[in-house]
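Observations on the three-dimensional arrangement
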Amino acid sequence: MNCKTSWTRVALCAALLLGASGAWAQADEARAKKIAGGSCFLCHGAQGESTSEIFPRLAGQHAEYIAKQLTAFKSGQRKSTAMVEMVSKLTPDEMLALGRYYEKMSIPREEPKDPQLAAMGRYIFHNGNRFSGVPACVACHGTAAEGTATLPRLATQFSGYIHTQLKSFNKRERTNDNAVMHAVVEKMTELEMAAVAEYVSSK
């Protein structure tokens with residue numbers, strides 16, 4: 001076998017693999033769209049925009065983070081009577097497919113409803129509170145509050161939802177995520193929680 005023939009076969013195999021990968025991606029997206037349209041949209045909206053501050057916005061959230069939370073709901077590590085039934089039959093592949101489905105969506109940035117509260121939140125988010133030991137949120141969640149694959153995107157999320165989650169961490173009612181959050185939030189006042197939530201929601 002000459003080199004030209006060898007490289008031709010390699011190229012052909014690569015093309016076949018890429019084609020198969022593309023087909024799987026399309027199938028995953030179609031499945032995710034069907035699942036989302038069957039149940040998720042009722043609370044989280046057709047475009048991941050959510051219908052209430054009780055339910056988080058999923059549009060633009062990291063795929064891996066969404067899959068992680070769905071896994072936690074299914075295992076019972078994260079408590080929710082509403083979600084446990086929704087995820088009971090989902091496979092890990094379907095969870096990730098749903099994550100990728102919502103990650104592609106976006107929500108327009110909105111101005112804060114309370115600019116003065118947001119201004120306070122901006123300071124805490126970027127600088128923390130050295131008098132009480134609250135660290136700067138930016139260290140983990142990034143300057144634009146976009147998070148990472150393992151840390152949530154906070155930008156454009158409902159301020160009320162973020163505030164509720166901070167209080168849940170403070171009360172140890174939510175324990176499935178980074179334990180660092182417990183140490184951080186226990187030092188925050190109710191005002192600081194509300195301020196940070198107001199600020200990042202408008203990012």
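Moving on: the packing of aromatic side chains. In the structure shown here, the tally under the stated rule is 2 aromatic pairs. Ring centres of tyrosine 101 and tyrosine 102 lie 5.2 Å apart, and the angle between their planes is 70 degrees; this geometry places the pair in the edge-to-face category. In this pair, the class of tyrosine 101 matches that of tyrosine 102, namely buried. Ring centres of phenylalanine 125 and tyrosine 199 lie 5.6 Å apart, and the angle between their planes is 55 degrees; on these two criteria the pair is classed as tilted. You can see phenylalanine 125 sitting in helix H5 (residues 115–127) and its partner tyrosine 199 sitting in helix H9 (residues 190–201), a full 74 residues away along the chain. The pair formed by phenylalanine 125 and tyrosine 199 is uniform in burial state, with each residue classed as buried. It is arginine 57 that lies over the ring of phenylalanine 158; its NZ or CZ is 3.9 Å from the centre.

Quick look at H5 now. Taking 1.5 Å as the rise per residue, H5 with 13 residues should run 18 Å; its terminal C-alpha atoms sit 18 Å apart, in good agreement. For H5, the full list of buried residues reads Leu117, Ala118, Gly121, Ile124 and Phe125. Down the axis, H5 shows its buried residues gathered within 120 degrees of arc, on one side only. Turned more than 90 degrees off the buried face of H5, the exposed positions are Pro115 and Gln116. At its buried positions, H5 is contacted by helix H6 (138–141) and H9. Positive phi shows up at glycine 128, right after H5, with a value of about 75 degrees.

Note on placement: glutamate 53 falls in the loop between helix H1 (3–44) and helix H2 (63–75). Residues glutamate 53 and glycine 160, 107 residues apart in the sequence, show an inter-C-alpha distance of 5.7 Å. What glutamate 53 contacts, discounting residues up to four positions off in sequence, is Lys113, Phe158, Ser159, Gly160 and Tyr161. Here glycine 160 takes part through its backbone nitrogen, which lies 3.4 Å from a polar atom of the side chain of glutamate 53.

Reading the values: the criteria
The residue numbers shown here count from 1 along each chain, following its written sequence. Per-residue local features are limited, in this predicted model, to residues with pLDDT of at least 70; the limit for side-chain atom pairs, both in listing and counting, is 80 or more; totals at the level of whole chains, interfaces and linings are taken over all residues. To obtain the side-chain values, all non-hydrogen atoms of the structure were used and water was disregarded. Under the pairing criterion, centres of Phe, Tyr and Trp rings, with the six-membered ring standing for Trp, must be within 6.5 Å; the plane angle then separates stacked pairs below 30 degrees from edge-to-face pairs above 60, leaving the rest tilted. Using a 1.4 Å probe on the protein chains alone, a residue whose accessible area is under 20% of its type maximum counts as buried, one over 50% counts as exposed, and one in between counts as partly exposed. Runs of H or I in DSSP of at least four residues are treated as helices and runs of E of at least two as strands, each being numbered from the N terminus. Note on geometry: a ring has a charge over it if NZ (lysine) or CZ (arginine) is within 6 Å of the ring centre and within 35 degrees of the ring normal. Multiplying one less than the number of residues by 1.5 Å gives the expected span of a helix. It is the directions from the helix axis to the C-beta atoms that the arc portrays. Any pair of residues with heavy atoms lying within 4.5 Å of one another is described as a contacting pair. Distance and chemistry together define a polar contact, namely a pair of N or O atoms within 3.5 Å, with one atom able to donate a hydrogen and the other to accept it when in protein, and with adjacent residues in sequence counting only for side-chain atoms on both sides.

By themselves, these are just geometric observations and shouldn't be taken as functional.
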